[in-house]
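Listed below are the residues making up each chain.
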Amino acid sequence: MNNELTPAELSQFSQSGYLIRHQPTFSSDKFARLKRYAEDLFDRAAAGGDEPTLIDCPHWGDPAMFEWIGTPEMLSMVEPILGPDIGVFACHFLQKPPTVGKRVPWHEDSAYWGTVLAPMTIASITVALEPSLPENGCLRVIPGTQRHGYSDYEPVANPDQQVFGIEVKAGQYDESKAVDITLQPNEASIHEGRIIHGSNPNQGTLRRAAFTVRYFPLTSKFQPETHEYFKQGFHIYQVQGSDRAGNRYSDPTQNYTPNPLAKTS
């Protein structure tokens, strides 16, 4: 499937920092395999007793994941944004259980990642595994805020009800402009790594589940020494084109340890 952006879509993404694509991302068979894969990971992670909301970077431990990560269906969406030389920064399976799924405060991914990529250029594709709706806590973005990316933060109220303990300071964004990213299964959204985004708690009866892959241009330099988390050993991958920044990449055919299945929250 060719999912290449149209000129109008590329223009919207450039101006607004996000895009919603109401069309199938994968073939029906390929999507069904992705959904079964996600369910198996969630079930295995929940065997310890707690239902996980995040499975972080499972592709480190299973090369089979590149069936969905390094394929034309995904890469054709980000190539017009990032250029022909593309790497994978991270990927995640996420779920927000009904009635207990917490709010994600307003934040910028770039503020958490700091200068680990220079320049900080990331396009994140989120493929809905189940309906993503306002009532079950769908992703929300504030268009145009990707032009900054490093706002000031303050502690949240009621931190036990939030996924993060901090959020962008009030007055540095206009929540009235927020857009709900509503998706049906196998539809996708793309958002820029610096855009202010978040989500409300899941107050409905449907679980929200999604698959997110974060791509970056191979013109960006990976600098793990600038961030304590990434110093511990973090795998990035080259999936299309040529390296342009002198980075070292992990081998997508290898199974790396520790198994990312253990990195759940």
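As a reminder, the structure under discussion sits directly above these lines.
Remember, it's a predicted structure, so these values are computed and weren't measured experimentally. (Residues numbered from 1 in each chain as written. Predicted model: local features only at pLDDT ≥ 70, side-chain atom pairs only at ≥ 80, totals over all residues. Heavy atoms only, no water.)

## Examining the packing of aromatic side chains
- On inspection of all chains with the given rule, the structure shows 16 aromatic pairs.
- Arranged with centres 5.5 Å apart and planes meeting at 40 degrees, the rings of Phe-89 and Phe-234 form a pair that is tilted. Separated by 145 residues along the polypeptide, Phe-89 in strand 3 (residues 86–96) and Phe-234 in the loop between helix 6 (228–231) and strand 15 (237–240) bring together distant segments of the chain. No difference in accessibility class separates Phe-89 from Phe-234, as the two residues are buried.
- By the ring-pair criterion, three or more aromatic residues cluster together here, those being Trp-60, Phe-89, Trp-113, Phe-222, Tyr-229, Phe-230 and Phe-234. (Phe/Tyr/Trp six-rings, centres within 6.5 Å; stacked < 30°, edge-to-face > 60°. Helix = DSSP H or I, 4+ residues; strand = E, 2+ residues; numbered from the N terminus. Buried < 20%, exposed > 50% of the residue type's maximum accessible area, 1.4 Å probe, protein only.)

## Structural notes on the pattern of salt bridges
- A complete count under the given rule lists 13 salt bridges for this structure.
- For Asp-109, the salt bridge goes to Arg-214, with nearest N and O atoms at 3.1 Å. Of this pair, Asp-109 sits in helix 5 (residues 109–113) while Arg-214 is found in strand 13 (residues 208–217), placing the two residues 105 residues apart along the sequence. Of the two residues, Asp-109 and Arg-214, both sit in the buried class.
- As a salt-bridge pair, Glu-175 and Arg-140 come within 3.7 Å of each other at their nearest N and O atoms. Here Glu-175 is found in the loop between strand 9 (166–168) and strand 10 (179–180), whereas its partner Arg-140 is found in strand 7 (residues 139–141), with 35 residues between them in sequence.
- Of the residues examined, Glu-175 reaches a relative accessible area of 38% and is grouped as partly exposed.
- Through salt bridges that share partners, Glu-39, Glu-130 and Arg-207 make up one connected network. (Salt bridge = Lys/Arg side-chain N within 4 Å of Asp/Glu carboxyl O.)

## Remarks on helix 1 (residues 7–16)
- For helix 1, every residue scored as buried is listed here: Glu-9, Phe-13 and Ser-16. The arc that holds the buried residues of helix 1, viewed along the axis, is 90 degrees, so those residues lie on one side. Facing away from the buried surface of helix 1 by more than 90 degrees, the exposed residues are Pro-7, Ala-8 and Ser-14.
- Looking one or two places after helix 1, you find Gly-17, whose phi comes out positive at around 85 degrees. (Arc of directions from axis to C-beta.)

## So, the sheet that holds strand 7
- Read from one edge of the open sheet, four strands run 4-12-7-10, paired in antiparallel fashion. Every other strand in the sheet has two partners, leaving strand 4 (104–107) and strand 10 as the edge strands with one partner each.
- Two elements, strand 4 and strand 12 (residues 197–199), share two bridges in a ladder whose sense is antiparallel. When the sheet's bridge partners are listed, Val-104 is paired in strand 12 with Ser-199. (Pairing = 2+ DSSP bridges.)

## Some remarks on the side chain of Asn-247
- Along the chain, Asn-247 turns up in the segment after strand 15.
- Relative accessible area serves as the criterion here: at 9%, Asn-247 is assigned to the buried category.
- At 3.1 Å, the side chain of Asn-247 forms a polar contact with the side chain of Tyr-249.
- Every residue in contact with Asn-247, bar those within four places of it in the chain, is listed here: Phe-216, Leu-218, Ser-220, Lys-221, Phe-222 and Ile-236. (Polar contact = N/O pair within 3.5 Å; in protein donor to acceptor, adjacent residues only side chain to side chain. Contact = heavy atoms within 4.5 Å.)

## Some words on the pairing of strand 11 (residues 188–192)
- A large share of strand 11 lies buried, amounting to five of its five residues.
- Neither face of strand 11 is open: one carries Ala-188, Ile-190 and Glu-192, the other Ser-189 and His-191, and all of them are buried.
- As defined by bridge partners, strand 1 (residues 18–21) adjoins strand 11 across four bridges and the pair is classed as antiparallel. Among the inter-strand pairings, Tyr-18 is bridged to a residue of strand 11, identified as His-191.

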